[in-house]
Amino acid sequence: MNVYVKSTIPLAEDAALEKNPVSAEIEFCNVTKMYGAVAAVKDVSLKVRRGEFLTILGPSGSGKTTALMLLAGFVAPSKGDILISGKSVAAVPSYHRDQGIVFQNYALFPHLTVRRNLEFPLEMRGMKTANRAARVERMLERVHLNDFGERMPSQLSGGQQQRVALARALIADAPILLLDEPLGALDRNLREQMQGEIKALHKEFGKTTICVTHDQEEALTLSDRIIVMRGGRIEQTDAPEALYDRPTTRFVANFLGEANLLEGSDFKLECEAAQPSATVAMIRPERICIVAPAAPKRADGGQRQSVIGTVDDMIYAGPLRKYHVRVGSSILTVREHVASGQQIFKPGDQVRLEWLRSDVRFVAD
Ligand SMILES: Nc1ncnc2c1ncn2[C@@H]1O[C@H](COP(=O)(O)OP(=O)(O)OP(=O)(O)O)[C@@H](O)[C@H]1O
Ligand SMILES: [Mg+2]
């Protein structure tokens, strides 16, 4: 069943474009990509739902860009197959795959104005000249660049170039949008603003979107689901909250956010269930409370474990305060939101750390 475009850009001008489904389903079936002896992508199987926003997260060299380029058709799998809406695209060259792409460096045509950059994908699809202009104007308006149509890309700021790249990827209404580190070149504030913008565009246009990033915050903010890659393989796939709250491996626990791995025998860990073999206990820094040793205990029916430690250092980071606390030979990280009336501890202070037993997780070693 095709779902037809319901964006603010009416497609009545062009019958060919009107037939485009708004989004498509993507499937990787045991895909491997070898470069000589190196497997850049290793036996990856994955289904991306129609209209889903999926982020590929992972350290440098883990195969993120290769996975995206396999889908875009710029590289061919050594093994396995990729299906789009149920059909193999093995024999479909990249220029015939119906996808909008934002490359890491934006790859705007430097010799064309903003307006011409946006017109290009429409021209490639054979849209009539008379129909292109109105569509370009509407898209310029959508990304707040109405007054920039006649500028060259070199005359734009990073954020403005990024908007043009997004607009160019969306303008032809391709059912799939691929983003490779789309916000990598922007400063923190602009990145946050553009995250909001990408989210809004995704909601409005409903494209199946695959975004590659190594920025965990960006992945958590934008995605319906995240896949974490490691050495060409998928380590874990989950919704952002599940991935952060229930990482299955030590690698994911450490890669996504900060993790206290309770490995030593400095104190006996109290848990709700028996610890499975070959696992490490883990607790997130914000799940630990820091109080004075003599502070009254909470009446919570014995659901908490508490340990005594000594503050090693305290780092103030605006809305957050981070402590490193020595407990025996281990250092635990504690993160708390700054609030008025809160007791502030200094290095050398004795403290009591408390956490709910139900907040302890076990991750594969
Ligand atoms: N054209 C190529 N020839 C040989 N090896 C390659 C090629 N492209 C990628 N590789 C290798 O494949 C692996 C995965 O590379 P890829 O570019 O997919 O990583 P990435 O996760 O996107 O990393 P980054 O975050 O640094 O962009 C790396 O070991 C890389 O060296
Ligand atoms: Mg890359």
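Up top you'll find the structure we're talking about.
Structure report, in brief. Just so it is clear, the structure is predicted and the values come from calculations on it, not from any experiment.

Rules and cut-offs
- Sequence order as written defines residue numbering, which begins from 1 separately in each chain.
- Numbering of ligands from 1 and lettering of chains from A proceed in the order in which they are written.
- Selection of residues for local features in this predicted model requires a pLDDT of at least 70, selection of side-chain atom pairs for listing and counting requires 80 or more, and totals for whole chains, interfaces and linings are taken over all residues.
- Side-chain metrics in this entry use all non-hydrogen atoms of the structure; hydrogen atoms and water are not considered.
- A run of DSSP states H or I qualifies as a helix once it reaches four residues; a run of E qualifies as a strand once it reaches two. Both are numbered from the N-terminal end.
- Throughout, a residue-residue contact means that at least one pair of heavy atoms, one from each residue, lies within 4.5 Å.
- As used in this structure description, the phrase polar contact means that two N or O atoms lie within 3.5 Å; if the pair is within protein, one of them must be able to donate a hydrogen and the other to accept it, and residues adjacent in sequence are counted only when both atoms belong to side chains.
- When we say a residue is near a molecule or strand, we mean one of its heavy atoms is within 4 Å of it.
- To measure how exposed things are, a 1.4 Å probe is used in the Shrake-Rupley method; for residues, cover is taken only from the protein chains shown.
- Each residue receives one of three labels: charged for Asp, Glu, Lys and Arg, nonpolar for Ala, Val, Leu, Ile, Met, Phe, Trp, Tyr, Cys and Pro, and polar for the others, Gly being one of them.
- Only protein atoms enter the 1 Å grid, on which a cavity is a set of points fitting a 1.4 Å probe that cannot get out and a pocket is an open set with protein on both sides within 12 Å along at least 5 of 7 lines, lining residues being those with an atom within 4 Å of a point.
- Grid points are joined across faces, edges and corners, and a volume is the space filled by probe spheres set on the points.
- Residue ranges for the domains originate in an automatic or database domain assignment.
- When accessible area is computed with a 1.4 Å probe and restricted to protein chains, residues below 20% of their type maximum are described as buried, those above 50% as exposed, and intermediate ones as partly exposed.
- Pairing between strands is defined by DSSP: at least two bridges between the two strands are required.
- The handedness of a crossover follows from its direction of travel: if, with the strands pointing away from the viewer, the path from the first strand over the helix to the second runs clockwise, the crossover is right-handed.

1. So, the environment of Gln275
Stage number 1. Position of Gln275 relative to the elements: it lies in the loop between β11 (260-262) and β12 (279-283).
Stage number 2. Through-space distance from the C-alpha of Gln275 to that of Arg361 is 9.2 Å; in sequence the pair is 86 residues apart.
Stage number 3. Every residue in contact with Gln275, bar those within four places of it in the chain, is listed here: Val280, Ala281 and Phe362.
Stage number 4. A distance of 3.0 Å separates a polar side-chain atom of Gln275 from the backbone oxygen of Thr279.

2. So, the site of ligand 1
Stage number 1. All residues in the neighbourhood of ligand 1 are listed as Tyr35, Ala40, Pro59, Ser60, Gly61, Ser62, Gly63, Lys64, Thr65 and Thr66.
Stage number 2. Between ligand 1 and the protein, one listed contact pairs an oxygen atom with a side-chain N or O atom of Lys64 at 2.7 Å.
Stage number 3. Within the side chain of Thr65, a nitrogen or oxygen atom sits 2.9 Å from an oxygen atom of ligand 1.
Stage number 4. If ligand 1 stood free it would expose 640 Å²; the protein chains cover 57% of that surface.
Stage number 5. In terms of residues, the shell around ligand 1 owes the most to one element, helix α2 (residues 64-72), which gives three residues.
Stage number 6. Each residue belonging to the shell around ligand 1 can be placed in one class, and the counts come to three nonpolar, six polar and one charged.

3. Some details on the layout of surface pockets
Stage number 1. Approximately 700 Å³ is the volume attributed to the largest pocket.
Stage number 2. If you trace the largest pocket, you find 21 residues lining it, with Tyr95, Arg97, Gln99, Pro121 and Arg125 closest to the centre.
Stage number 3. Secondary-structure elements contributing two or more residues to the lining of the largest pocket are β6 (99-102), α3 (114-124) and α5 (158-170).
Stage number 4. There is about 390 Å³ of room inside the second largest pocket.
Stage number 5. Contributing to the lining of the second largest pocket are 15 residues, with Tyr244, Glu286, Leu320, Arg335 and His337 lying nearest its centre.
Stage number 6. When contributions to the lining of the second largest pocket are tallied by element, the ones reaching two or more residues are α7 (216-222), β13 (289-291) and β16 (330-337).
Stage number 7. In terms of residue count, β16 provides more of the lining of the second largest pocket than any other element does, four residues in total.
Stage number 8. Considered class by class, the residues forming the lining of the second largest pocket number seven nonpolar, three polar and five charged.
Stage number 9. When we break the lining of the second largest pocket down by domain, the ones giving at least three residues each are domain 1 (11-98 + 174-252) and domain 2 (259-364).

4. What to know about the pairing of strand β7 (residues 176-180)
Stage number 1. Burial of β7 is extensive: five of the five residues sit out of reach of the surface.
Stage number 2. Every second residue of β7 is oriented toward a common face, with Ile176, Leu178 and Asp180 on one face and Leu177 and Leu179 on the other, all of them buried.
Stage number 3. In the sheet, β7 pairs with strand β8 (residues 208-213) via five bridges, with the strands oriented parallel. Each residue of the ladder has a partner; that of Leu178, found in β8, is Ile210.
Stage number 4. Running through helix α6 (residues 188-205), the crossover from β7 to the neighbouring parallel element β8 is right-handed.

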